[in-house]
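Okay, here's what each chain looks like letter by letter:
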Amino acid sequence: MTLPPIFSDSSSDDLLAGLNPEQARAVEYRGPALLIVAGAGSGKTRVLTHRIASLIRSREAWPSQILAITFTNKAAAEMRERVEQLLGQAAEGMWISTFHSACVRILRREAERFGYVKSFTIYDSADSRALLKRIIKDLDLDHLGLTPAGTASRISKLKNELTDVDAFARSASANDPREQAFLEVFRRYSKELARAHAFDFDDLIGQVVFLFRAFPEVAALYQRRFRHILVDEYQDTNHAQYALIRELTRPVEPEVVAAATFEYAPREVAEDGSIPGAGLTVVGDSDQSIYAFRGADIRNITEFERDYPGAEVVMLEQNYRSTQNILSAANAVISNNFDRKAKNLWTGLGEGEKIVGFTGYSGHDEARFIADEIEDLHRDGVGYKDMAVFYRTNAQTRALEEIFIREAIPYRVLGGTKFYERAEIKDAIAYLITVANPFDEYALRRILNSPKRGIGPMTEAQLAAFAEGQEISFRDAMRRAAELGYGPKVRGSILTLSGILDHATSMALTAEGQKPTAVSDILNYILTETGYLDILRASKDPQDEARAENVDELLAVTREFSRNNPESGLVDFLTEVSLVAAADDLDDTSGTVSLMTLHTAKGLEYRAVFITGVEEGLLPHQMSADEAGGPSEERRLFYVGITRAREKLFLSLAMTRAQYGEISVALPSRFLQEIPPELISWKQSPGMVTSREGTQPRALNAQRGGPGGGHGGYSRRSNEPSSSSVGFRGGSSAAVSEPASGNMTSSLQKWREAKRAKAAAQRSGGESAFPNTILGSVQDNGDLELAAGDRVEHSDYGPGVVSAVTGVGTKRIAHVDFEEVGPKKILIKIAPITKVSTDSDGTDSDGTDSDGIGSGSTEASADAES
DNA sequence: TCGAAAGCCATTTTT
DNA sequence: TGGCTTTCGA
């Protein structure tokens, strides 16, 4: 690689070139602790990489004395690359990785100190949950409201606080049966993990902290090694991670220095014989803290100056990413969080285009809008890879994907149902784990009968009992299956599998100094010998074909891995696989639109960003409503989403959304109203979609008839001038339980009156007829029963007679002949209608089943998803 | 032991 | 809506 001359200059000046004064200070400051408060898009990665390069170039640290912690592996790789670019050489020996990867590295080295094999298994959350499920079932404790997910999250929280079982047992109240039941599960869980030589995600951090505390001489190895520690996204660290950093930056006591034998040349030793603690740099932005649910403690960053007295603080407030309009929206939104330190991002990039808003009738409608805009942008020269679509929940991808496929828009979903979560992939991985870590009985049991080889639950239980009785491992029990008096078929199955595993294990063994066997060879051997692939391929289940392809894909992944890391073997592969993050499989060269959750979006940026589902109940999410700090965190999440956009930002929502096969109705998010209206140009505003009045506001996403009936805390703002000037707050409530019996003439008059009033209001309102506020709301008719002959009144179309009803459940569609506008089809559940009278003389409908396609008269609100 | 059918249930974000 | 578990029959 040829570098411009400036990069080979040994002076540090070029590292400051192009930086603003604050950034430069953050690069140059030398002292024990530095906090960089980096607003969104303020160039923190640049500052961090330049700082590392500066430390190395000035000889204040060797690359191997640098530890940089990032949030994802991708960010780590990128940072490494950028530092190497700055230095013009490979900066070998730098540890740039995530918390989890760094801890695994330490644990693998030190595992044997506390009785674990080096090849311990890493349990992801799904594995943990599966284990807990089993334990709860075994202990027969599910009646006390103990769910796998619930206990998993509670255990995770405890571990994040560095509370292990014993510590918890001390504080648990002895006379609360539920507490005791949980303790029992927790204890068993810890025991099973240890037995399987496995760590869960939280252990990876916590165990390192315990290790350091229990073995000061081990801690000293790392305290001595790392002279500078840099932590990115510090606002999302939890207590365990905080403690880990504290341990790593602790000075090494003189007596430990004296007693230790270090394998590297010692770092400088102070006069008193100690080794000073490492310098710490943390970077973060409390406005972007979005992982409190996972135990992140915002105080780690807000109280940094207290934790590290004398720490220098640098504020980066100039944004280099977004246009002013986008930034103003972001600032306006986040300023609604009361408990934050004021901070104002500014940009020199100019005003830019307005934010585009869109309100769809349904999730599909919204998706179609997005697809159209993406195509427009693409025609205007914006590459697909420069666009991203964000959503709050993974379930929202479905509608988007359907449209994207139909419109042939290349896209890629990050995270979500991950490749490694598929059953066939988990099976294959379980085989590899069984080979790597013979203690992991759960992996072994998973593949015992997969592919089907006639070893059912009965046989499995017998083997387990035999193993326990003989005090041997499950694996040994399999080897001695002949002693169990099975029929020839079962015995043969067990022994064959056992033999395959033994051989695979011998393949994986590598002599000292020898290159490890390629993972692909091991996997290929297993898949061939067990017939796993052949059986999938021969299956008549059409899904098995896809499964076989997935397994092939995994084989390709292993080959790729061996090619890229010829020095790495089976265990390294398994480690990498367990620690992939959603954002890691982002490929910048892919040329596809990226779809991801708002959480995954953190740290990324795109020229054009679509934030979808900006609705009450979704963003902010329902679940966050009664969590302490929940609404604030949701707002930060929205803020993170907004600030990912460089040039174009689209905010969209849907008035109805298919959820669990039901259609539910939503209100626009409160966050929308926090954005100054002049920043948004609505292609279709909520007001345009719900341009009707006189219906009961009702947030369908809120629990119907639920406690409080508070509609998810949404405070309606329909008393604002724009909507009250409509002047029609009709008494025609949507309370369908009391069908208004009325005479037609007067209701028609009333309707015309209302229509005039509304039109007048819109004329006088001009542009602001569709401001960024919410007019009315979508009506929910619940289970309104309609039949042919019924008279209804529609707030836009006026009175009409039902000619037929088709569809079922929430998707029932009424075919109505309106007096004013003729025949229309409307979705009963959400149409702004009221039943006026029931068909009394049994008028039968004609053309009962004329389908809506092609008739062109299907009202938009009937455009519901199926 | 296994497959199909039927009910049931949950649905936030993730290293 | 669909993924998952349970149930039932072979």
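Residues numbered from 1 in each chain as written. Chains lettered and ligands numbered in written order. Predicted model: local features only at pLDDT ≥ 70, side-chain atom pairs only at ≥ 80, totals over all residues. Heavy atoms only, no water.

## Topic: the sheet that holds strand 14 (residues 593-597)
- Read across the sheet, 7 strands follow the order 13-14-12-15-16-11-19 without closing on themselves; strand pairing throughout is parallel. This sheet does not close on itself; its edge strands, each paired only once, are strand 13 (411-413) and strand 19 (680-684). Between one strand and the next, the sheet's axes are offset by a mean angle of 20°, whatever the strand orientation.
- For strand 15 (residues 606-611) and strand 16 (residues 645-654), the ladder comprises 5 bridges, and the chain directions are parallel. The residue of strand 16 that forms the bridge with Phe610 is Phe650.
- In the packing of helix 17 (residues 324-334) onto the sheet, contacts are made with strand 11 (355-360) and strand 16, and the angle to strand 16 comes to roughly 55°. (Pairing = 2+ DSSP bridges. Helix = DSSP H or I, 4+ residues; strand = E, 2+ residues; numbered from the N terminus. Axes fitted to C-alpha atoms, helices over the stretch in contact; angles between N-to-C directions. Contact = heavy atoms within 4.5 Å.)

## Describing unusual backbone geometry
- Note that the residue after Leu619, namely Pro620, is joined by a cis bond; omega there is 10°.
- A positive phi angle, close to 65°, is found at Arg59, a residue other than glycine.
- With respect to the secondary-structure elements, Arg59 resides in the loop between helix 4 (44-57) and strand 2 (66-70).
- Positive phi outside glycine occurs at Glu233, with the angle close to 50°.
- The residue Glu233 is located in the loop between strand 6 (228-231) and helix 13 (239-248) in this model.

## As for the packing of aromatic side chains
- Enumeration according to the criterion identifies 21 aromatic pairs in this entry.
- Pairing Trp95 with Phe226 gives two aromatic rings, centres 5.2 Å apart and planes at 65°, and the pair type is edge-to-face. On the criterion of sequence distance, the pair formed by Trp95 in strand 3 (residues 95-98) and Phe226 in the loop between helix 12 (216-225) and strand 6 is long-range, its members being 131 residues apart.
- Here Trp95 falls in the buried class, since its relative accessible area comes to 1%.
- Given a relative accessible area of 1%, Phe226 falls into the buried group. (Phe/Tyr/Trp six-rings, centres within 6.5 Å; stacked < 30°, edge-to-face > 60°. Buried < 20%, exposed > 50% of the residue type's maximum accessible area, 1.4 Å probe, protein only.)

## A short note on the nonpolar core
- Core analysis: the largest hydrophobic core is formed by 46 residues, its most contacted members being Ile429, Leu432, Met478, Ile526, Leu570, Phe573 and Leu574.
- Among the elements that make up this core, the one with the highest residue count is helix 20 (residues 423-436) (9 residues).
- Those residues in contact with Met478 that sit more than four places away from it in its chain are Leu444, Leu448, Leu463, Ile494, Leu495, Leu497 and Ser498.
- In this structure, Phe99, Tyr116, Leu162 and Leu204 belong to the second largest nonpolar core, which totals 45 residues. (Core = buried A, V, L, I, M, F, W, Y, C linked by side-chain atoms within 4.5 Å.)

## Quick look at the pattern of salt bridges
- Following the criterion strictly, the structure yields 54 salt bridges and no others.
- A salt bridge links Glu633 to Arg636; the nearest nitrogen and oxygen atoms lie 3.4 Å apart. Taken as a pair, Glu633 and Arg636 lie in helix 29 (residues 630-642) at a separation of 3 residues, close to a single helical turn.
- In this structure Glu633 comes out as buried when scored by relative accessible area, which is 10%. (Salt bridge = Lys/Arg side-chain N within 4 Å of Asp/Glu carboxyl O.)

## Here's the deal with the UniProt feature "binding site: ATP" (unreviewed entry) in chain A
- Mapped onto this structure's residue numbering, the UniProt feature "binding site: ATP" (unreviewed entry) falls at Ala38, Gly39, Ala40, Gly41, Ser42, Gly43, Lys44 and Thr45.
- Of note, Ala38 is situated in strand 1 (residues 33-38).
- Residue Ala38 is classed as buried on the basis of its relative accessible area of 3%.
- Non-local contacts of Ala38, meaning those with residues more than four positions away in its chain, are made with Lys44, Val283, Gly284, Asp285, Gln288 and Leu316.
- For Thr45, a relative accessible area of 24% corresponds to the partly exposed category. (UniProt positions renumbered as here; feature names shortened; annotations may be inferred.)

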